[in-house]
Every structure is written in C-alpha cells, then in structure tokens.
Amino acid sequence: MSNIKKKIKIRQGHRVYLTKILGNADDIVENYDGNQEKKLKQIRITLKERLDTLKTLDEEILELIEADEEISTEIEEAGKYRESVHEMIVNIDSVLEAKPMNETVSMSLRRLYDQIEAHVRGLKSLDVPDTEYGALLLPILIGKIPDEIRILLGRKITGESWNLNTLLENFREELENRERCEGIQALSFRDGRNFDEQRGGRKYSNTPFTAAALMTGKTTINCSFCQKEHTSASCFVVTDIEARKQI
C-alpha cells in the first residue's frame, strides 16, 4: 500500500470517529439544559484535538497528490469537513456562554458569592492568613459586583474597615435582602396581590398598603447545596469545597 493510500485510510478513520462525536454534540446542544456542561466541554476539547490531527493529515496528503484536479478536489473536500467541525465548536461555545433565561440578578450574585466564599474557606483551611490573599481577592470581587451594589457597599464601609472580610459580610447582607425581596414578590404574584382591578375607570390594587401587612408574608430561602431552609453561606451540611463544586 502506497504512503498516500495509508494516510487517506487513517484520515477516514479519524473522520468516522469525529462524525460520531459531532452527532453526540449536536444532540446535547439541541437539548442543553445546563446539566451536561462538563460533557460538552469534554467534547469541545476532543473536537479541537481531532481537528488539529485532521489538518495535519490533510496537509500531508495534499503534498503527495500530483494531479492538479485531484488537488482542487482534495482542498475543497477537506475544507468542507473541517468547516462542519468549526461550526459545532462555535455552537458549543454559544451554548456554554449563554446565560440561563430564568436566572435572576440575585441568582447570579449568589453564585458569585458562593464561589468567593468557597475559595476563602479553602484558604482558611490551609491556615493561610487573610492578610496574604485579601488584597488580591478584594479588587477582583469589587470588579464583579454590579455598580448599584458597589455604591451601597461603599456607603456602608468606611476607609479603615475596607477589607475582604468586611466586604463579604456586607455583600452577603445585601444579597440576602435581595433574595427576601424576590421571595416576597414571587409570593405576591402567586397570590394575586399584584393584580389590579378596573372599577369605574379607577384602578384598585390588591397589594398590601402597610408595612405590617407586607411583612405578614412568610418566605423561605433554600440552600443551594443541601436544599434545606437556610442560606448557602451558613450551610454546615455540605462543607467540603470539592463537594460544593460538584453540585
């Protein structure tokens, strides 16, 4: 068997395998709900690795072809196949980077806080003093906090107490306040309290008018790690950092 025929057979084997991967990736992308994120990232890595292998084989085969017509056909065929792989990689990136449609601002902030807290807990478990990592994490956290919350925190924290622990504490308080407000709004919507009735050309709202009436609504906040009724920051059921990352 000539060298070119062997390389063509090797390339065909890679294409067959890659075609199966593309089909699997297409199914996940079409029905993506966030649970297959790890699998999709693995597929993306595989696609890029196989794409590099195919590119090398395509170039080697092209060097061995002598007829001009065969060269043109080879370039076109190889280009079309690689384009299909590139298209799938772009689709995967779009799915992974897309923000969930139902995600609220508080949910995004909660995820940010939990990530920072997990890192801080890990450093504390290694007996690393906060003076060593606080100055590094503080500007990162400030840069990720929305402007409106940053302004509120700036008003509450004085210059001397402006450190990572104080910022996290105040950030958690603001986050929990927002979560409680969203919980009250959700209950109000469910109970029909935001429904306005049209009577005689005037609107009458069923929303409670007093602070006492507003506070009668009971809300619960479930932990994102153990699903029990407490905040994620105060969870003592799932304390292992690696276990939290897997949830």
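Owing to the predicted nature of the structure, the values given are computational and were not obtained by experimental measurement. (Residues numbered from 1 in each chain as written. Predicted model: local features only at pLDDT ≥ 70, side-chain atom pairs only at ≥ 80, totals over all residues. Heavy atoms only, no water.)

Draft legend 1. Highlighting the packing of aromatic side chains. Evaluation of the coordinates by the stated rule reveals one aromatic pair. The aromatic ring of Y81 is capped on one face by R15, whose charged end is 5.1 Å from the ring centroid. (Phe/Tyr/Trp six-rings, centres within 6.5 Å; stacked < 30°, edge-to-face > 60°. Lys NZ or Arg CZ within 6 Å of the ring centre and 35° of its normal.)

Draft legend 2. Local environment of the nonpolar core. Residues V120, L141, L153, L164, L167, L168 and F171 are the most contacted members of the largest nonpolar core, which totals 19 residues. Those elements that provide at least two residues to this core are helix 4 (105-125), helix 5 (130-144), helix 6 (147-156) and helix 7 (164-191). Ignoring sequence-local partners within four residues, the contact set of L141 consists of L112, I116, L164, L167, L168 and F171. Membership of the second largest hydrophobic core comes to 17 residues, among which are L22, L47, Y81 and M88. (Core = buried A, V, L, I, M, F, W, Y, C linked by side-chain atoms within 4.5 Å. Buried < 20%, exposed > 50% of the residue type's maximum accessible area, 1.4 Å probe, protein only. Helix = DSSP H or I, 4+ residues; strand = E, 2+ residues; numbered from the N terminus. Contact = heavy atoms within 4.5 Å.)

Draft legend 3. Region of the structure containing the packing of helix 2 (residues 37-64) against helix 3 (residues 68-97). Where helix 2 meets helix 3, the axes come as close as 10 Å, and the angle between the chain directions of the two elements is 165°. Judged by the inter-axis angle, helix 2 sits roughly antiparallel to helix 3. Every pair of crossing elements has a handedness; the one defined by helix 2 and helix 3 is left-handed. For the contact of helix 2 with helix 3, the residue count by class is 17 nonpolar, one polar and nine charged. (Axes fitted to C-alpha atoms, helices over the stretch in contact; angles between N-to-C directions. Parallel < 35°, antiparallel > 145°, perpendicular 65-115°, else oblique. Left-handed = near helix turned anticlockwise from the far one by under 90°. Nonpolar A, V, L, I, M, F, W, Y, C, P; charged D, E, K, R; others polar.)

Draft legend 4. Up close: helix 2. End to end, helix 2 covers 41 Å across 28 residues, agreeing with the expected 40 Å (1.5 Å per residue, within 8%). When we look at burial in helix 2, the residues that qualify are L40, I43, L47, L51, L54, L57, D58 and I61. On its buried face, helix 2 sits against helix 1 (3-30) and helix 3. (Expected span 1.5 Å × (residues − 1).)

Draft legend 5. Summary view of the packing of helix 1 against helix 2. As a packed pair, helix 1 and helix 2 sit with axes 9 Å apart at the nearest point and diverge in direction by 155°. On the basis of their axis angle, the class for helix 1 and helix 2 is roughly antiparallel. The hand of the helix 1/helix 2 crossing is left-handed. Considering only residue class, the contact of helix 1 with helix 2 consists of 17 nonpolar, five polar and seven charged.

Taken by themselves, the reported measurements are silent on function.
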